[in-house]
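Per-entry structural report
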Amino acid sequence: MSLEPTRETSNRVIISILGKDQIGIIAWLTGRLAEKSINVLDISQTILQGFFTMIMIVDVTQSTASSLADLTKQLQSEGEARGLKVNVQHEDIFEFMHRV
């Protein structure tokens, strides 16, 4: 499976969403993840003056997605159609980019 790490890395992926608040954002995303057997580990979301913001940590250990790139492309495309900015990063890349 393409989502499995090739070296000693985590199987966790960080997904963030930003956009105008609307009904069904979390339902849409969790539905897509469930279709791919991706488990939600943690989620934080808030609405700031009408803008929806969320960050989610998911486990891709049992994912049926063909690759992280394909999953990212699907979520970004579907999110864009809903007026949402979706970002998907493997935990290792996220930590590397945000280290102090």
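As a reminder, the structure under discussion sits directly above these lines.
I will try to describe carefully the structure that is included in this document. (Residues numbered from 1 in each chain as written. Predicted model: local features only at pLDDT ≥ 70, side-chain atom pairs only at ≥ 80, totals over all residues. Heavy atoms only, no water.)

Quick notes on the nonpolar core
If you look at the biggest cluster of nonpolar residues, it comprises 19 residues, and the most contacted ones within it are Ile-15, Ile-17, Leu-29, Leu-33, Val-58, Leu-75 and Val-86. Sorting the residues of this core by element identifies strand S1 (12-20), helix H1 (25-35), strand S3 (51-59), helix H2 (68-81) and strand S4 (84-90) as the ones contributing at least two each. Residues within four places of Leu-29 in sequence aside, it is in contact with Ile-15, Ile-17, Met-54, Met-56 and Leu-75. (Core = buried A, V, L, I, M, F, W, Y, C linked by side-chain atoms within 4.5 Å. Buried < 20%, exposed > 50% of the residue type's maximum accessible area, 1.4 Å probe, protein only. Helix = DSSP H or I, 4+ residues; strand = E, 2+ residues; numbered from the N terminus. Contact = heavy atoms within 4.5 Å.)

Quick notes on the sheet that holds strand S2 (residues 39-48)
If you trace the four strands from one edge of the open sheet to the other, you get S2-S3-S1-S4, paired in antiparallel fashion. If you trace the sheet from one side to the other, it starts and ends with S2 and S4, each paired once. When the angles between neighbouring strand axes are averaged without regard to direction, this sheet yields 10 degrees. In this fold H1 packs onto S1, S2, S3 and S4, with an angle of close to 20 degrees to the strand it touches most, S3. H2 rests against S1 and S4 of the sheet, and its axis sits at about 165 degrees to S4. (Pairing = 2+ DSSP bridges. Axes fitted to C-alpha atoms, helices over the stretch in contact; angles between N-to-C directions.)

What about the environment of Thr-64?
Considering the arrangement of structural elements, one finds Thr-64 in the loop between S3 and H2. For Thr-64, a relative accessible area of 52% gives the class exposed. Note: C-alpha distance between Thr-64 and Ser-37 (27 residues apart in sequence) is 6.1 Å.

Remarks on the packing of aromatic side chains
A full pass over the atoms with the stated rule returns zero aromatic pairs. When the ring centre of Phe-51 is taken as origin, the NZ or CZ atom of Lys-20, which lies over that ring, is 5.8 Å away. (Phe/Tyr/Trp six-rings, centres within 6.5 Å; stacked < 30°, edge-to-face > 60°. Lys NZ or Arg CZ within 6 Å of the ring centre and 35° of its normal.)

Some remarks on the pattern of salt bridges
Counted by the stated rule, this structure contains two salt bridges. The residue Arg-32 makes a salt bridge to Glu-35 at a minimum N-O spacing of 3.2 Å. Within this pair, Arg-32 and its partner Glu-35 are both found in helix H1, separated by three residues, close to a single helical turn. The shortest N-O distance in the salt bridge between Arg-32 and Glu-78 comes to 2.7 Å. Of the two residues, Arg-32 sits in helix H1 while Glu-78 sits in helix H2, which places them 46 residues apart along the sequence. Taken together, the shared-partner salt bridges in this structure form one network comprising Arg-32, Glu-35 and Glu-78. (Salt bridge = Lys/Arg side-chain N within 4 Å of Asp/Glu carboxyl O.)

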